[in-house]
Amino acid sequence: YQSFLDKYDTDARTWLILNNIAEDEKKHAGILVDLLAGRNEAIDPDAPQSTYWSTMDSHIIDLDTACAANYYCEALGAFRFEVIVDMPCTPSDVKEALRIILPDEQFHRQTLKRLAGDETLARFKTIHEDAVAALKGIK
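Residues numbered from 1 in each chain as written. Predicted model: local features only at pLDDT ≥ 70, side-chain atom pairs only at ≥ 80, totals over all residues. Heavy atoms only, no water.

Asks: Can you lay out the overall build of the protein for me, pointing to particular residues and giving the numbers?
Replies: A count of helices and strands for the protein gives six helices and zero strands. Going from N to C terminus, the protein has its helices and strands arranged as α-α-α-α-α-α. Expected size for 139 residues packed as a compact globule is a radius of gyration near 14 Å; at 16 Å, the protein falls within 12% of this value. Counting only C-alpha atoms and orienting by the principal axes, one finds that the protein spans roughly 40 × 40 × 30 Å. Taken over 139 residues, the protein has a buried fraction of 39%. Partitioning the intrachain contacts of the protein with sequence separation of at least 6 by distance along the chain shows that 71% fall at a separation of at least 24. For the protein, the accessible area works out to roughly 8500 Å², and carbon and sulfur atoms hold 55% of it. In the protein, 15 positive and 24 negative side-chain charges are present, and the distance between their average locations comes to 6 Å. (Helix = DSSP H or I, 4+ residues; strand = E, 2+ residues; numbered from the N terminus. Rg over C-alpha atoms; globule rule 2.2 N^0.38 Å. Buried < 20%, exposed > 50% of the residue type's maximum accessible area, 1.4 Å probe, protein only. Contact = heavy atoms within 4.5 Å. Areas by Shrake-Rupley, 256 points an atom, 1.4 Å probe, with all protein chains shown as cover. Lys, Arg positive; Asp, Glu negative; His and termini not counted. Charge placed at Lys NZ, Arg CZ, Asp CG, Glu CD.)

This is the structure we're talking about:
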């Protein structure tokens, strides 16, 4: 979020919204790092960049397309978290972390949907579906 806030012009209200989302994402990262640390695990600092983001980022040309790309990512994350929280076998520490993160992700999804607009979201739908299919090894 910070990178496209620095790159694209925006009005003060939109800048504040996107900056708040960026701050939420930093908070979420800390929650997840703490969760992993509590399980004696760590994030791999040398993990490869997601092919999903390589695909999505290659289509960002302005603030609307940045919001559309990030809408699909937030929607995907919120959906996964909704499923994981509702699973009876999910460990309580994971549920606790996701119950903190999930409302923010749901809010981000709705906010980015409004900011991107229907036309841009429609253009990005196929890009997103193709990126997800590539992650699954379908394409």
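Here the narrative resumes.
Asks: Can you lay out unusual backbone geometry for me, pointing to particular residues and giving the numbers?
Replies: Positive phi outside glycine occurs at asparagine 40, with the angle close to 60°. Structurally, asparagine 40 is set in the loop between helix 2 (12–38) and helix 3 (51–57). Relative accessible area serves as the criterion here: at 72%, asparagine 40 is assigned to the exposed category.

Asks: Outline the pattern of salt bridges, listing residues and values.
Replies: Under the definition given, this model contains six salt bridges. In this structure, glutamate 119 engages arginine 123 in a salt bridge whose closest nitrogen and oxygen atoms are separated by 3.7 Å. Of this pair, glutamate 119 and arginine 123 both sit in helix 6 (residues 118–136), four residues apart, which is roughly one turn of the helix. (Salt bridge = Lys/Arg side-chain N within 4 Å of Asp/Glu carboxyl O.)

Asks: Just give me the short version of a nonpolar patch on the surface, but keep the residues and values in it.
Replies: On the surface, a cluster of nonpolar side chains totalling about 260 Å² of accessible area is made up of Phe79, Val83 and Met87. Mapped onto the elements, phenylalanine 79 comes out in helix 4 (residues 63–86). (Patch = residues over 30% accessible without salt bridge, like charges linked within 9 Å, V, L, I, M, F, W, Y side chains within 5 Å.)

Asks: Would you mind going over helix 4 in detail, with residue names and values included?
Replies: A rise of 1.5 Å per residue sets the reference length of helix 4, with its 24 residues, at 34 Å; its end C-alpha atoms lie 34 Å apart and thus fit the reference within 8%. Sitting at the amino-terminal end of helix 4 is aspartate 62, which places a side-chain oxygen 3.3 Å from the backbone nitrogen of aspartate 64. (Expected span 1.5 Å × (residues − 1). Polar contact = N/O pair within 3.5 Å; in protein donor to acceptor, adjacent residues only side chain to side chain.)

Asks: Account for the packing of aromatic side chains, naming residues and giving values.
Replies: Counted according to the given criterion, the structure contains three aromatic pairs. Taking the centre distance of 5.7 Å and the plane angle of 90° together, the rings of tyrosine 52 and tryptophan 53 count as edge-to-face. Residue classification places tyrosine 52 among the buried positions, given a relative accessible area of 3%. Since its relative accessible area comes to 22%, tryptophan 53 is described here as partly exposed. Taking the centre distance of 4.9 Å and the plane angle of 70° together, the rings of tyrosine 71 and tyrosine 72 count as edge-to-face. (Phe/Tyr/Trp six-rings, centres within 6.5 Å; stacked < 30°, edge-to-face > 60°.)

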